[in-house]
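Residue-level listing of the chains:
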Amino acid sequence: MSQNYTPEFKKKIVRLHEEEGRTYKSITAEYGVSKASISKWCSEFSKECQAKAQTNPDAPNEMELMKENLRLRKELEDARKENLFLKKAAAFFAKEID
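What counts, and where the lines are drawn
Residues numbered from 1 in each chain as written. Predicted model: local features only at pLDDT ≥ 70, side-chain atom pairs only at ≥ 80, totals over all residues. Heavy atoms only, no water. Helix = DSSP H or I, 4+ residues; strand = E, 2+ residues; numbered from the N terminus. Expected span 1.5 Å × (residues − 1). Buried < 20%, exposed > 50% of the residue type's maximum accessible area, 1.4 Å probe, protein only. Salt bridge = Lys/Arg side-chain N within 4 Å of Asp/Glu carboxyl O. Core = buried A, V, L, I, M, F, W, Y, C linked by side-chain atoms within 4.5 Å. Contact = heavy atoms within 4.5 Å. Axes fitted to C-alpha atoms, helices over the stretch in contact; angles between N-to-C directions. Parallel < 35°, antiparallel > 145°, perpendicular 65-115°, else oblique. Nonpolar A, V, L, I, M, F, W, Y, C, P; charged D, E, K, R; others polar. Lys, Arg positive; Asp, Glu negative; His and termini not counted. 1 Å grid on protein atoms, 1.4 Å probe; cavity = no way out; pocket = protein on both sides within 12 Å on 5 of 7 lines; lining within 4 Å. Points joined across faces, edges and corners; volume = space filled by probe spheres on them.

Visitor: Describe helix H4 (residues 62-97), and please don't skip the residues or the numbers.
Guide: An ideal rise of 1.5 Å per residue puts 52 Å on 36 residues; H4 measures up with 52 Å between its terminal C-alpha atoms. Residues of H4 that are buried include every one of Met63, Met66 and Leu70, and no others.

In structure tokens, the structure reads:
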């Protein structure tokens, strides 16, 4: 039995996958949408973005912006982990000096 989803809902699911890096499995578990549907929506969104880019080449491609956002989120998370490690190392060495 097929369900009809609103375009806003589909875009939200695509954003969760493309921008936040969520897996199909986690989205399926949370929203009850099939992996096939998510994959199809991501593909359609990508094609839509490419069509918009061809129509207006000066406008930023939404898919590229989502990928860049995901990359920057991962980079920020790595920097936070490194910072936490350095704080712990500094505390450890500060104890050694005392």
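Visitor: Outline the pattern of salt bridges, supporting the account with residue identities and numerical values.
Guide: Going through the model one piece at a time under the given rule, you end up with 4 salt bridges. Across the pair arginine 15 and glutamate 19 runs a salt bridge, and its minimum N-O distance is 3.2 Å. In this structure arginine 15 comes out as partly exposed when scored by relative accessible area, which is 31%. Between glutamate 68 and arginine 71 there is a salt bridge, with its nearest N and O atoms 2.7 Å apart.

Visitor: If you had to explain the nonpolar core to someone new, which residues and values would you point to?
Guide: With 11 residues, the main nonpolar core is built from Ile13, Val14, Leu16, Ile27, Val33, Ile38, Trp41, Cys42, Phe45, Met63 and Met66. Every element with two or more residues in this core is listed here: helix H1 (7-18), helix H3 (35-55) and H4. Residue contributions to this core peak at 4 residues, all from H3. With sequence-adjacent residues up to four places away left out, leucine 16 is seen in contact with Gly21, Arg22, Ile27 and Tyr31.

Visitor: If you had to explain the packing of H1 against H4 to someone new, which residues and values would you point to?
Guide: It is at 9 Å that the axes of H1 and H4 come closest, and there the two elements cross at 45°. When the axes of H1 and H4 are compared, the pair comes out oblique. In contact with Lys11, Val14, Arg15 and Glu18 of H1, H4 contributes Glu62, Met63, Met66, Lys67 and Leu70. Along the lines of polarity and charge, the residues of the contact of H1 with H4 split into 4 nonpolar, no polar and 5 charged.

Visitor: Can you tell me about the side chain of glutamate 18, naming the residues and giving the values?
Guide: Tracing the backbone shows glutamate 18 in helix H1. Although buried, glutamate 18 forms no salt bridge, and the nearest oppositely charged side chain, lysine 67, lies 5.5 Å from it. Setting aside chain neighbours within four positions, we find glutamate 18 in contact with Cys42, Met63, Met66, Lys67 and Leu70.

Visitor: Requested: an account of the layout of surface pockets, with residues and values cited.
Guide: Taken as a whole, the largest pocket encloses approximately 160 Å³ of empty space. Lining the largest pocket we find Pro7, Lys10, Lys11, Val14, Trp41, Glu44, Phe45 and Glu48. Listing elements by their share of the lining of the largest pocket, those giving two or more residues are H1 and H3. The class makeup of the residues in the lining of the largest pocket is 4 nonpolar, no polar and 4 charged.

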